[in-house]
Amino acid sequence: MKLLVVEDDPLIGPAVKAVLENAGYTVVGPLRDAAKAARVGARECPDLALVDVNLSGGENGLVLARRLWQENGIPSLLMTGFDHHAAEARSFAMGLLRKPVMPDALVQAIGAAGEILGGLRPSSKPEALEIFQGSAAFTASLPKMRSA
């Protein structure tokens, strides 16, 4: 599975990339700028984007996640360390991952998202992950999930 990581923290972004690559995922990024992430996402066509909600400067992560979904059909898992329920993101993001997240929980969250995108029910889900069951990405997987 190819992942786009958008994280402006210079310590967190590379750590997320290392954890995910060690788990066998292909990682594009980390990118720190929403405009560049949108261009790279369109070019690289990742299966899933991990998007920090509070990007510094320019667009925030919610705007980016909406743009990735609407323009390229790229689903996003939003990441935040703030008390954010992301109610406005339920129409275009597939879920929210609360930071700080431990490496094993990060890998487990991506695995759960991959299962959903593959039309399956997740075999496990870390507590830090909230899936938006009414989201467009989740709903797009429903026909496959019913037949599985």
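Here is what the cut-offs are and how they apply
- Residues numbered from 1 in each chain as written.
- Predicted model: local features only at pLDDT ≥ 70, side-chain atom pairs only at ≥ 80, totals over all residues.
- Heavy atoms only, no water.
- Buried < 20%, exposed > 50% of the residue type's maximum accessible area, 1.4 Å probe, protein only.
- Helix = DSSP H or I, 4+ residues; strand = E, 2+ residues; numbered from the N terminus.
- Pairing = 2+ DSSP bridges.
- Right-handed = clockwise from strand over helix to strand, strands pointing away.
- 1 Å grid on protein atoms, 1.4 Å probe; cavity = no way out; pocket = protein on both sides within 12 Å on 5 of 7 lines; lining within 4 Å.
- Points joined across faces, edges and corners; volume = space filled by probe spheres on them.
- Nonpolar A, V, L, I, M, F, W, Y, C, P; charged D, E, K, R; others polar.
- Axes fitted to C-alpha atoms, helices over the stretch in contact; angles between N-to-C directions.
- Parallel < 35°, antiparallel > 145°, perpendicular 65-115°, else oblique.
- Left-handed = near helix turned anticlockwise from the far one by under 90°.
- Contact = heavy atoms within 4.5 Å.
- Polar contact = N/O pair within 3.5 Å; in protein donor to acceptor, adjacent residues only side chain to side chain.
- Salt bridge = Lys/Arg side-chain N within 4 Å of Asp/Glu carboxyl O.
- UniProt positions renumbered as here; feature names shortened; annotations may be inferred.

### Some points on the pairing of strand β1 (residues 2-6)
Regular strands have side chains that alternate between both faces of the sheet.
Then step 1. The buried count for β1 comes to 4 of 5 residues, which makes it a mostly enclosed element.
Then step 2. Bridging between β1 and strand β2 (residues 26-31) involves 4 bridges; their strand directions are parallel. By the bridge assignment, Leu4 is partnered in β2 with Val28.
Then step 3. In this fold, the crossover linking β1 to β2 by way of helix α1 (residues 12-22) has right-handed handedness.

### What to know about the layout of surface pockets
Then step 1. Space inside the largest pocket adds up to approximately 170 Å³.
Then step 2. Every residue along the wall of the largest pocket is listed here: Ile12, Ala15, Val16, Val19, Met79, Lys99, Pro100, Val101, Met102, Pro103 and Leu106.
Then step 3. Tallying contributions element by element places α1 first for the lining of the largest pocket, with 4 residues.
Then step 4. Grouping the constituent residues of the lining of the largest pocket by class yields 10 nonpolar, no polar and 1 charged.

### Quick word on the packing of helix α2 (residues 34-44) against helix α3 (residues 61-72)
Packed helix pairs are specified by the crossing angle of their axes together with the interaxial distance, meaning the distance between the axes.
Then step 1. Contact geometry for α2 and α3: axes closest at 10 Å, N-to-C directions at 25°. Viewed along their axes, α2 and α3 adopt a mutual orientation that is roughly parallel. With respect to the hand of their crossing, α2 and α3 are arranged in right-handed fashion. Every residue of α3 that contacts α2 at Ala34, Ala35, Ala37, Ala38, Gly41 and Ala42 is listed here: Leu64, Arg67, Leu68 and Asn72.

### Concerning the side chain of Lys99
Then step 1. Within the fold, Lys99 resides in the loop between β5 (95-98) and α4 (103-117).
Then step 2. For Lys99, the side chain forms a polar contact with the side chain of Glu7, separated by 2.8 Å.
Then step 3. A distance of 3.2 Å separates the side chain of Lys99 from the side chain of Asp52, its partner in a polar contact.
Then step 4. Ignoring any residue separated from it by four or fewer positions in sequence, one finds Lys99 in contact with Glu7, Ile12, Asp52, Met79, Thr80 and Gly81.

### Digging into the pattern of salt bridges
Then step 1. Here the structure, examined in full by the defined rule, presents 8 salt bridges.
Then step 2. Among the salt bridges present, the one from Lys2 reaches Glu44, with a minimum N-O distance of 3.3 Å. Separated by 42 residues along the polypeptide, Lys2 in strand β1 and Glu44 in helix α2 bring together distant segments of the chain.
Then step 3. In this structure, Arg43 engages Glu44 in a salt bridge whose closest nitrogen and oxygen atoms are separated by 3.6 Å.
Then step 4. Classification of Arg43 as exposed rests on a relative accessible area of 59%.
Then step 5. Residues joined in a network through salt bridges with shared partners are Lys2, Arg43 and Glu44.

### Things to note about the UniProt feature "modified residue: 4-aspartylphosphate" (unreviewed entry) in the protein chain
Then step 1. When the UniProt feature table is mapped onto this chain numbering, "modified residue: 4-aspartylphosphate" (unreviewed entry) sits at Asp52.
Then step 2. Along the polypeptide, Asp52 turns up in strand β3 (residues 48-52).
Then step 3. Residue Asp52 is classed as buried on the basis of its relative accessible area of 5%.
Then step 4. Discounting chain neighbours no more than four positions away, the residues touching Asp52 are Val6, Glu7, Asp8, Gly61, Met79 and Lys99.

### Focus on the sheet that holds β1
Then step 1. Strand order in the open sheet made by the 6 strands is β2-β1-β3-β4-β5-β6, with mixed pairing throughout. At either end of the open sheet lies a strand with only one pairing partner, and these are β2 and β6 (129-131). For this sheet, the mean inter-axis angle between neighbouring strands, taken without regard to orientation, is 20°.
Then step 2. Those strands touched by α4 are β1, β3, β4 (76-80), β5 and β6, and its axis lies near 135° from that of β3.

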